[in-house]
Amino acid sequence: MGIYAVLSKKPLPTRSRTLNPPKTSPPATQPKLATQPKLAVSAVEMGARQREISVSEFFTKNRHLLGFDSPRKALLTCVKEAVDNALDACEEAGILPEVVVKVEAVANGGSPPPLSQANRFRVTVTDNGPGIIRQQIPRIFAKLLYGSKFHRLRMSRGQQGMGISAAGMYGQLTTGKPVQITSRTSARTPAQYFEVQIDTKKNEPLILEQKQIAWESPRGTQVTVEIEGRYQKGRASVDEYIEQTIIANPHVKLTYLTPEGETKEHPRTYQELPPAPREIKPHPNGIELGMLLKMLQDTKSHSLSGFLATDFSRVSPRLAADICKAARLSARARPRDIRGEAAEALYKTIQSTKIMAPPTNCLSPIGEKAILSGLYQQIKGNFYTAVTRPPAVYRGNPFVIEAGLAYGRGLEPEEEKKENKESKEKKESKEKKPIPLAEGEAEQDDHELARLIRYANRVPLLYQQSACVTYKAVLDTTWRNYGVSQSRGAFPSGPMVIFVHMASVWVPFTSESKEAIADYDEIRKEITLALRECGRRLGAFLRRRERATSEYRRRNIFDLYIEEVVESCNRLKGGRLPTAKLKEQLQKIARKRTGGEKTDELLGKDGDGPEGLPHSIIVTPDGVEGAVPAAISEASAAVTSPNGGPTGDEPADAPARRKEPSRRKDKTTRGAKGAGAKTKPREKTRKA
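One structure accompanies this document, and this report is about it. Just so we're clear, the structure is a prediction, and the values are computed from it rather than from any experiment.

On to the pattern of salt bridges. Taken as a whole, this structure holds 22 salt bridges when the rule is applied. Where glutamate 260 meets lysine 233, a salt bridge forms, and the shortest distance between an N and an O atom there is 3.2 Å. Of this pair, glutamate 260 sits in the loop between strand S7 (253–257) and strand S8 (263–266) while lysine 233 sits in the loop between strand S6 (220–228) and helix H8 (238–248), and the two are 27 residues apart along the sequence. Here lysine 233 falls in the partly exposed class, since its relative accessible area comes to 41%. Here arginine 536 makes a salt bridge to glutamate 533, at a shortest N to O gap of 2.8 Å. Taken together, the residues arginine 536 and glutamate 533, both in helix H16 (residues 521–572) and three residues apart, mark about one turn of the helix. Take arginine 536: its relative accessible area is 24%, and that puts it in the partly exposed class.

A few words on the environment of lysine 583. Topologically, lysine 583 is positioned in helix H17 (residues 579–593). Sequence-wise, lysine 583 and valine 565 are 18 residues apart; in three dimensions their C-alpha atoms are separated by 8.7 Å. With sequence-adjacent residues up to four places away left out, lysine 583 is seen in contact with Ile562, Glu563 and Val566.

Time to look at the packing of aromatic side chains. Evaluation of the coordinates by the stated rule reveals 10 aromatic pairs. A ring pair is formed by tyrosine 394 and tyrosine 520, whose centres lie 5.1 Å apart and whose planes are at 50 degrees; its orientation type is tilted. Remark: tyrosine 520 occurs in the loop between strand S14 (496–504) and H16 and tyrosine 394 occurs in strand S10 (residues 392–394); sequence separation between them is 126 residues. Judged by its relative accessible area of 1%, tyrosine 394 falls in the buried class. On the accessibility criterion, tyrosine 520 (23% relative accessible area) is partly exposed. Measuring from ring centre to ring centre gives 6.2 Å for tryptophan 479 and tyrosine 482, while their planes differ by 75 degrees; the resulting arrangement is edge-to-face. Looking at tyrosine 482, the relative accessible area reads 12%, which means it is buried. Members of the aromatic cluster, connected to one another through ring pairs, are Tyr394, Phe399 and Tyr520. Stacked on the ring of tyrosine 463, the Lys or Arg lysine 73 has its end atom at 4.7 Å from the ring centre.

Conventions we followed
Residues numbered from 1 in each chain as written. Predicted model: local features only at pLDDT ≥ 70, side-chain atom pairs only at ≥ 80, totals over all residues. Heavy atoms only, no water. Salt bridge = Lys/Arg side-chain N within 4 Å of Asp/Glu carboxyl O. Helix = DSSP H or I, 4+ residues; strand = E, 2+ residues; numbered from the N terminus. Buried < 20%, exposed > 50% of the residue type's maximum accessible area, 1.4 Å probe, protein only. Contact = heavy atoms within 4.5 Å. Phe/Tyr/Trp six-rings, centres within 6.5 Å; stacked < 30°, edge-to-face > 60°. Lys NZ or Arg CZ within 6 Å of the ring centre and 35° of its normal.

Listed below in structure tokens is the structure:
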């Protein structure tokens, strides 16, 4: 019994464990999820939350996409959008633009703060354009994605129809002030005054005030926007935008009233309007399949061949019939019936057919003379050149690349030169004397990098330079081949300004803020070719000037000893030698040994311009040499050029020192003769 009792007590610990079993997860078959708190949202509730997003609401939250990501940049964007609209309106109406830009600091109640502390500005832009009719004013200035340029294939500054309305939306968001518009279409009609804002929920204009007022201008438009911003001079500022706008638009008269109270007048230096671009139809090689399907449904033509011939450019009726035959489609088929496999066959046939490039009368490039005029008037330099490439195509869109170059630091005016010399002498007297340089050695500043100014449809691009295809093309160019120092992977060094402009019916910007051009292979190739042509001309100029300077230095050494040689020979002859004749003969020999008239020509000392350098300007101490546009000489009577060029007080023989532009041969930029080839001999005009 005792043993049995002991053995019977062993399972007691197990029995105690069964009294408190371990907690385990319930089996999956047990419906305990119904007791959990409700976390999910039903499909009905999710569907009830769906609603349409207005484009105004989207860009109100994402204003950085439109260029309003910082106060300083926002101020520049407002000025740029207003000026671009003014210039487009004037040029489309055939009016030489006269634009007034006024930027002033304001305060929200009280006196305006100092300019360095001001954070609110009022921007006013006035033009002499055709004006805007009363019914269109609210929508143009208070409705995003509304304009006349999006659906037209022609060159214009604006493209998307949201620039000036976005500026008004930013002002409404930051200051709560409406956009004030005054417009007048003719002297016989009264001026219309509006104050409008954007209803961001509906993307519709709200008219706060509308009335007729007395306005001194017989025709034009004035826009006033009050925004939150910051004014600061320097790169990517409003001042730089104004200066670069004048370079690419020398036909514009622009007055800039700065926030500091100064008035900067930029007179018109080119008296001709750019050629008016014409609207073209889309090119077949530039459309996608979805766009083709949409055009087939929207066309007014009753036959497929008629649709191809009338709705596309460069497609003749005969070519349209050939395309239909190659696609195995009837030329009389209704365009709306072309769907599915038939549409794909038509699209593939169009892409494989060789079609003439689109017309280029839809573009209005600046032109080489106008580029030279703008660079010469705004940038100091010793050498200027400009190149306009033949038209090219990307994705069916025609475009033209133009490049310009200004090299050197220019010539200082006499008064400024005298002041700089005196200040330099005072500075040297206080400091230690510098180490003398060897013969031919000059002080050089190799740390100064070239400056790049970019344009798209005559509009300066001041931000996102490294993301632009223009920047990449400049880096790809080997400037060392043209006598300019350049480190690997960097801009060329030296006092040089590089100008690049792209004119197209649709510029492929990388974002809605229109600050950089996308990197297409066709665009980069054209920019590179234009820069190489400018580089070849610059290299020819630098090499010629270097050789001519060396020869001229040798001639001066000969002149030092000619006097002593003549006196010695005269003493040997007992004073009976005609010294004047001997001196003249020796000088003639010295000139012949040191390059003769060629040296004088290269240094600009004989009144003739540079041979083999078409569309170029060389600035010398004796005047301006080379292909000086006629518009510069007309404008120089009122304005003194900053680079020491001719002014209104030029002597009467100044026109004789200038040479007409050398005629470029066909496709000059494609051949090797553009920079070094010599032109036909001309009569050289001598100075009096």
